[in-house]
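Structural features, examined
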Amino acid sequence: MAKEGEKMLSVADLERAGSKKLPDSIREFYNSGSTEQLTIHENSRAFSKYRVRPRVLVDVSKADTSTNLFGGQRVSFPLGVSPAGVQAMAHPDGETATSRACAKRGVSMGISSFSNYSITEVRSAGTNVAPIIHVMQLYTMKDRDLQLRIIRDAELAGCTAIFLTADSPVLGVRYNEWRNDFRTPAGLAFPIIELTTERIQNQTHDSGFTAFNDDAHNWTRDIPWLRSVTKMQIWIKGVLTAEDTLLAVQYGCDGIIVSNHGGRQLDGVPATIDALPECVAAANGRIRVHVDGGIRTGTDIFKALAFGAECCWVGRPAIWGLAVSLSMAVACQMGSVHTECLGRPAENSFAA
Ligand SMILES: Cc1cc2nc3c(=O)[nH]c(=O)nc-3n(C[C@H](O)[C@H](O)[C@H](O)COP(=O)(O)O)c2cc1C
Ligand SMILES: O=C(O)C(=O)c1ccccc1
């Protein structure tokens, strides 16, 4: 285990160091799963059931981890940073720092609809460093005009694909948010959905989400509509079964992300590494299959690729990276006066 000031060698070190910097309610918001925490724990634990069957005396001197994603764009590694909202609670630079780090490391990034920076700000923070793939995460929103504005902004900014989050008709029940009466801190904006904390001040995370997301969403209504309004690729995020993989094929989607939202939505659903094989089999090469949830080591990635995923994504590790980059002075102010933070530009420690 890394002690204070020691080199950080693993994502587990990053988790400990990053978590320590954050006020309790913010740390719990980021780190927690829903209700009994079954799925969040299962996501990580499930990887340890599988063993790698090694072959030896193989020439690895020219091993190359780079690959093409989304039909031809090069990345240095089959890894991306999943869309995760409200990253400015972990560091004032939030999603722009994550974008810089992803570009620096040549991996892709998902932009959450609940980003604290606009699509253009996030994207240009990355492209100023190096070419980078951004995908835009969308919910099935009640306000279709706003949803369309987000789609147009994503197209203009140069996003490659939409990740339509399909596992969140309602927000998962996270006890920590109720116990802590979690609200986003004053001063934080949500420019993509055209809101500020001040305008949603009377809303808990849960009620804010309910007002925003359409729980009447369904394949027939939403996928053809999306297809009719954009040429960006359409990926369904949150698939865990062969049945839904077949529907994604049927509705002409470009890919799926096998995901349980990092164990934050319906608790008790399978670990993603366990759900992956049936989804890969159902896709049968017709659509692409990515996966996220509990991926913390290189061998986790190896196992996911061995089970047929094309690429892995990670959510919380990037947030811990942001938090680690936070100077202690800024960390002490967090939770109350984010706007006055004197953060140095973040080098997201996850990727930098
Ligand atoms: C703090 C936090 C916020 C998240 N926000 C979103 C979001 O806005 N949209 C979304 O589709 N998924 C969201 N996710 C889920 C991630 O995209 C991803 O599926 C999950 O974090 C992967 O699991 P991991 O954190 O174990 O790597 C969020 C996850 C976390 C931890
Ligand atoms: O917390 C989440 O998992 C999530 O998806 C979300 C939803 C709304 C705002 C921020 C994050």
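Nothing here was measured: the structure is a model prediction, and the numbers come from that model. (Residues numbered from 1 in each chain as written. Chains lettered and ligands numbered in written order. Predicted model: local features only at pLDDT ≥ 70, side-chain atom pairs only at ≥ 80, totals over all residues. Heavy atoms only, no water.)

As a structural note, the neighbourhood of ligand 1 is formed by 23 residues, with P83, S112, T165, D292 and R296 the closest of them. Taking G85, its main chain carries an N or O atom lying 3.1 Å from a nitrogen atom of ligand 1. A distance of 3.3 Å separates a nitrogen atom of ligand 1 from a polar side-chain atom of Q137. Of all the secondary-structure elements, those providing two or more residues to the shell around ligand 1 are α2 (24-31) and α13 (316-324). A class-by-class count of the residues in the shell around ligand 1 yields seven nonpolar, 11 polar and five charged. (Near = heavy atom within 4 Å. Polar contact = N/O pair within 3.5 Å; in protein donor to acceptor, adjacent residues only side chain to side chain. Helix = DSSP H or I, 4+ residues; strand = E, 2+ residues; numbered from the N terminus. Nonpolar A, V, L, I, M, F, W, Y, C, P; charged D, E, K, R; others polar.)

Turning to α2, its buried residues number three or more, namely I26, F29, Y30 and N31. Summarising the contacts, the buried residues of α2 are in contact with α1 (11-21), α3 (38-47), α7 (175-179), α8 (205-212) and α13. (Buried < 20%, exposed > 50% of the residue type's maximum accessible area, 1.4 Å probe, protein only. Contact = heavy atoms within 4.5 Å.)

Moving on: the environment of L171. By the secondary structure assignment, L171 is in the loop between β6 (161-165) and α7. On a C-alpha basis, the gap between L171 and G208 in space is 9.5 Å, while along the polypeptide they are 37 residues apart.

What follows is about the packing of α1 against α13. Contact geometry for α1 and α13: axes closest at 8 Å, N-to-C directions at 55 degrees. Between α1 and α13, the angle is such that the two are oblique. Pair α1 / α13 crosses with left-handed handedness. Listed contacts from α13 to V11, L14, E15, A17, G18, S19 and K21 of α1 are P317, W320, G321, A323 and V324. Grouping the constituent residues of the contact of α1 with α13 by class yields seven nonpolar, three polar and two charged. (Axes fitted to C-alpha atoms, helices over the stretch in contact; angles between N-to-C directions. Parallel < 35°, antiparallel > 145°, perpendicular 65-115°, else oblique. Left-handed = near helix turned anticlockwise from the far one by under 90°.)

Moving on: the sheet that holds strand β3 (residues 79-81). The strand order β3-β4-β5-β6-β9-β10-β11-β12 describes a closed barrel built from eight strands, whose pairing is parallel. Strand-to-strand twist across the sheet, computed as the mean angle between neighbouring axes with direction ignored, equals 30 degrees. Here strand β5 (residues 134-138) runs beside β6; their pairing, made up of four bridges, is parallel. Looking at β6, one finds that M136 is bridged to I162. (Pairing = 2+ DSSP bridges.)

Here the structure, examined in full by the defined rule, presents 15 aromatic pairs. Taking the centre distance of 5.8 Å and the plane angle of 35 degrees together, the rings of F163 and W235 count as tilted. Of the two residues, F163 is situated in strand β6 and W235 in strand β9 (residues 233-239); the sequence distance between them amounts to 72 residues. We classify F163 as buried; its relative accessible area is 1%. Given the relative accessible area of 0%, W235 is considered buried. Taken together, F114, Y139, F190, F209 and F212 form an aromatic cluster joined through their ring pairs. Residue placement shows R264 over the ring face of F29; its charged tip is 4.9 Å from the ring centre. (Phe/Tyr/Trp six-rings, centres within 6.5 Å; stacked < 30°, edge-to-face > 60°. Lys NZ or Arg CZ within 6 Å of the ring centre and 35° of its normal.)

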